[in-house]
Amino acid sequence: MQWQYKIRYLMGQPIGISLANGQGTSGILCGVSDGKLLVMEYMYQTQYAMKQYDFDLIQDISAFPPCNQQRFY
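Anyway, here's the lowdown on the structure attached to this text. (Residues numbered from 1 in each chain as written. Predicted model: local features only at pLDDT ≥ 70, side-chain atom pairs only at ≥ 80, totals over all residues. Heavy atoms only, no water.)

By size, the foremost hydrophobic cluster in this structure holds twelve residues: Trp3, Ile7, Leu10, Ile15, Ile17, Leu19, Leu29, Leu37, Val39, Tyr53, Ile58 and Ile61. Here this core takes three residues from strand E1 (residues 14-19), the largest share from any one element. Aside from chain neighbours lying at most four places away, what touches Leu10 is Ile15, Leu29, Ile61, Ser62 and Ala63. (Core = buried A, V, L, I, M, F, W, Y, C linked by side-chain atoms within 4.5 Å. Buried < 20%, exposed > 50% of the residue type's maximum accessible area, 1.4 Å probe, protein only. Helix = DSSP H or I, 4+ residues; strand = E, 2+ residues; numbered from the N terminus. Contact = heavy atoms within 4.5 Å.)

Further remarks concern the sheet that holds strand E5 (residues 58-63). Overall, antiparallel pairing links the five strands, which are arranged E4-E3-E2-E1-E5 in an open sheet. A single partner strand is all that each edge strand has here, and the edge strands are strand E4 (47-54) and E5. Between one strand axis and the next, the sheet turns through 45° on average, direction left out of account. Sheet topology note: the E1/strand E2 (residues 24-33) ladder contains five bridges and is antiparallel. Of the residues in E2, the one forming a bridge with Pro14 is Ile28. (Pairing = 2+ DSSP bridges. Axes fitted to C-alpha atoms, helices over the stretch in contact; angles between N-to-C directions.)

By themselves, these are just geometric observations and shouldn't be taken as functional.
The following block contains the structure:
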């Protein structure tokens, strides 16, 4: 499945983004505008930034896996 078809199911969810250059990033998928993915990313302490990624730069997106429900002590 092409990653563009995943957008509607992942809106508002935490996602990982594989970029075409081999790098990656993660954040909350907030929307799509003019061929760009809008992602809210954590920066530092209480700072967040809305970042835009051109569709051309994206190789794939995927949802975060669920947390393991075991307790850690």
